[in-house]
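# Examination of the molecular architecture
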Amino acid sequence: MAGGLNRKISAASARSHTRKAKQRSSFKIPSGLFTAILAVLFVGISAWIYQAIQPPPPKTPGSPGGPSVTAPRIKLRDGRHIAYKEHGVAKESAKYKIIYVHGFDSCRHDCVLALTLSPEIIEDLGIYIVSFDRPGYGESDPNPKQTVKRDALDVEELADQLGLGSKFYVVGFSMGGRTIWSCLKYIPQRLAGAAMFAPVVNYWWPGFPANLSKEAYYQQLPWDQWAYRVNHYVPWLTYWWNTQKWFPVFSSVAHSHDTLSRQDIEVLPKQSGRKAYMEQVRQQGEYESIHRDLIVGFGTWDFDPMDLENPFPKNEASVHVWHGDEDRMVPVTLQRYIAQRLPWIHYHELQGSGHMFPLADGMCDTMVKTLLTGDK
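Source: prediction; values computed, not measured. (Residues numbered from 1 in each chain as written. Predicted model: local features only at pLDDT ≥ 70, side-chain atom pairs only at ≥ 80, totals over all residues. Heavy atoms only, no water.)

### Focus on helix 8 (residues 222-233)
What counts is decided by this rule: Counting from the N terminus, the helices are DSSP H or I runs at least four residues long and the strands are E runs at least two residues long. What a helix is expected to span follows from its residue count: subtract one and scale by 1.5 Å. Working rule for contacts: check all heavy atoms of both residues, and any pair within 4.5 Å makes them a contact.
With 12 residues, helix 8 extends 17 Å from end C-alpha to end C-alpha; this agrees with the ideal 16 Å at 1.5 Å per step. The inward-facing, buried residues of helix 8 contact helix 7 (210-217), helix 9 (238-241) and helix 12 (287-298).

Quick look at the structure:
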């Protein structure tokens, strides 16, 4: 009779057997489920990123939920509206008609000529001035397709609808200088003269020697350098960059005084009146006002200003640039180089002046008389 087989199992073998049994019984996520979880995470993170970089829709003036329209406006051929404000003598009796272009984070109320030009000069010379809200600022409709060329065409349409005649003067301050360059490129036949006060330059204009633009670029604050890079290379991140809380944002967006010179600080009290309308500047949303301004200004232009030929070869008009040698926002070295490349520009460098020099006592009187009559 066969008997049962008795086998002795060692303790080590028993433990090994137990571990294998446990391993075989451990829970495994099916590969299909794991892939689905990864897909959900990817979609969720992508949605969060998209939401973070996507600017909200603009609050267009006059639209439901948008700001009220209080200024006179013209309607452009593409259906947009441009809000404007008139200053000086009556247009019909004016000898000189000037279109003034405001700077960054400003609006039609920030017309430095109207604010500081002496009433005597306005009356004696017969000066009419019109300032306007650039697209997305104040009460002018935003333009998602805004370009440097479009800047000039907006000015021309404004002049025609207001009946300023075949020729007029253009004056731009800071970022408003971009529009003046555009006018010199695309509508020089309409200009009686042009002036730029501390015009912003684009570090990526091809005409700058690489070493010069690089040196000027690195004079800016580190966080401003990053903001310029974002505006130029990855403009779709501009909204996120200027609204995130991890790093300092562009100084001018944050209303920081870090880039102001001694003279700039001294003249700041002259801007106290801005408190009455500051909220109007960005009332349509920051993206279609200040952010798009940065994207267009520091993006890739369709022309290089340093390639421009003299638009007035017969001296029928003149172009002037004024710049302070202590400007900490726009390096004076770049402005000097432009003046060397374009000898037909009348370049005026102001010692001890910063970026806000047009607010200094008597400064606009001198600049406007020089532009209009050639007198200094």
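The rest of the description comes next.
### Things to note about the environment of Arg229
Filter applied, for reference: Burial classes follow relative accessibility: with a 1.4 Å probe on protein chains only, a residue under 20% of its type's maximum area counts as buried, one over 50% as exposed, and anything between as partly exposed.
Along the polypeptide, Arg229 turns up in helix 8. The partly exposed category is assigned to Arg229, whose relative accessible area is 21%. Along the sequence, Arg229 and Tyr203 sit 26 residues apart, while their C-alpha atoms lie 10.0 Å from each other. Beyond its immediate sequence surroundings of up to four residues, Arg229 is in contact with Trp204, Tyr217, Tyr218 and Val234.

### Notes on the confidence of the model for the protein
Formally: pLDDT measures how confident the predictor is about each residue, on a scale from 0 to 100.
Here the protein averages 90 in pLDDT, while 86% of its residues score no lower than 70. Note on residues 1-7: pLDDT under 50 across the span, and zero contacts to partners over four residues away in sequence or across chains.

### Focus: helix 6 (residues 177-186)
Burial within helix 6 is extensive, with eight of its 10 residues counted as buried. What helix 6 keeps buried is the set Gly177, Arg178, Thr179, Ile180, Trp181, Ser182, Cys183 and Leu184.

### Let's talk about the pattern of salt bridges
What counts is decided by this rule: A carboxyl oxygen of Asp or Glu within 4 Å of a side-chain nitrogen of Lys or Arg is what we treat as a salt bridge.
If you walk through the whole model with that rule in mind, you get 22 salt bridges. Where Asp160 meets Arg190, a salt bridge forms, and the shortest distance between an N and an O atom there is 2.8 Å. With Asp160 in helix 5 (residues 148-162) and Arg190 in the loop between helix 6 and strand 6 (191-197), the pair connects residues that are 30 residues apart, well separated along the chain. Owing to a relative accessible area of 11%, Arg190 belongs among the buried residues under this scheme. Members of the salt-bridge network, linked through shared partners, are Arg77, Asp78, Arg80, Arg150, Asp154 and Glu157.

### Comments concerning the pairing of strand 5 (residues 168-173)
Quick reminder of the rule: Strands were regarded as paired on the criterion that DSSP finds at least two bridges between them.
In terms of burial, strand 5 is a largely internal element, six of the six residues being buried. Side-chain alternation along strand 5 places Phe168, Val170 and Gly172 on one buried face and Tyr169, Val171 and Phe173 on a second face that is also buried. One ladder, built from four bridges, connects strand 3 (residues 96-101) with strand 5; its direction is parallel. Within the sheet, the bridge partner assigned to Val101 lies in strand 5 and is Gly172. Two elements, strand 5 and strand 6, share six bridges in a ladder whose sense is parallel.

### Digging into the packing of aromatic side chains
Counted only if it meets this: Aromatic rings from Phe, Tyr and Trp, taking only the six-membered ring of Trp, are treated as a pair when their centres fall within 6.5 Å; an angle between ring planes under 30 degrees marks them as stacked, one over 60 as edge-to-face, and anything in between as tilted.
Tallied over the full model, the rule gives 22 aromatic pairs. With centroids separated by 6.0 Å and ring planes inclined at 70 degrees, the aromatic side chains of Trp204 and Tyr217 adopt a geometry described as edge-to-face. Here Trp204 is found in the loop between strand 6 and helix 7, whereas its partner Tyr217 is found in helix 7, with 13 residues between them in sequence. Judged by its relative accessible area of 23%, Trp204 falls in the partly exposed class. Owing to a relative accessible area of 7%, Tyr217 belongs among the buried residues under this scheme. Judged by centre distance (6.1 Å) and plane angle (50 degrees), the ring pair of Phe208 and Tyr337 falls under tilted.

### Details of the layout of surface pockets
Worth spelling out the cut-off: Only protein atoms enter the 1 Å grid used here, on which a cavity is any set of points holding a 1.4 Å probe that cannot leave and a pocket is any open set flanked by protein within 12 Å on both sides along at least five of seven lines; residues with an atom within 4 Å of a point are listed as lining. Grid points are joined across faces, edges and corners, and a volume is the space filled by probe spheres set on the points. Each residue is assigned to one class: nonpolar for Ala, Val, Leu, Ile, Met, Phe, Trp, Tyr, Cys and Pro, charged for Asp, Glu, Lys and Arg, and polar for all the others, Gly among them.
Its volume calculated, the largest pocket comes out at about 990 Å³. Along the wall of the largest pocket there are 46 residues; nearest its centre are Phe104, Gln271, Arg274, Met329 and Met356. Secondary-structure elements contributing two or more residues to the lining of the largest pocket are helix 3 (112-116), helix 8 and helix 12. Taken together, the residues of the lining of the largest pocket sort by class into 24 nonpolar, 15 polar and seven charged.

### With respect to the side chain of Asp327
Counted only if it meets this: As used throughout, the charge tally considers Lys and Arg to be positive and Asp and Glu to be negative, leaving His and the chain termini uncounted. N or O atoms within 3.5 Å of each other form a polar contact, as long as, within protein, one can give a hydrogen and the other can take it, and as long as residues adjacent in sequence are counted only when both atoms are side-chain atoms.
Residue position: Asp327 is located in the loop between strand 7 (319-324) and helix 13 (332-341). Despite its burial, Asp327 pairs with no opposite charge, the nearest such side chain being Arg328 at 8.1 Å. Here His323 takes part through its side chain, which lies 3.4 Å from a polar atom of the side chain of Asp327. Excluding its chain neighbours within four sequence positions, the residues that come into contact with Asp327 are Ala198, Ser353, Gly354 and His355.

### Considerations on the sheet that holds strand 3
Quick reminder of the rule: Convention adopted: a line fitted to C-alpha atoms gives each axis, helices being fitted over their contacting stretch, and angles between N-to-C directions are expressed from 0 to 180 degrees.
The mixed open sheet is built from eight strands, whose spatial order is 1-2-4-3-5-6-7-8. The open sheet has two edge strands with one neighbour each: strand 1 (73-75) and strand 8 (345-350). Across the sheet, the axes of successive neighbouring strands diverge by a mean angle of 25 degrees, strand direction being ignored. The pairing of strand 2 (residues 81-88) with strand 4 (residues 127-132) spans five bridges and is classified as antiparallel. Following the sheet pairing, His87 is matched in strand 4 by Ile129. Helix 5 rests against strand 1, strand 2, strand 3, strand 4 and strand 5 of the sheet, and its axis sits at about 105 degrees to strand 1. Here helix 6 sits on the sheet in contact with strand 3, strand 5, strand 6, strand 7 and strand 8, set at roughly 150 degrees to strand 6.

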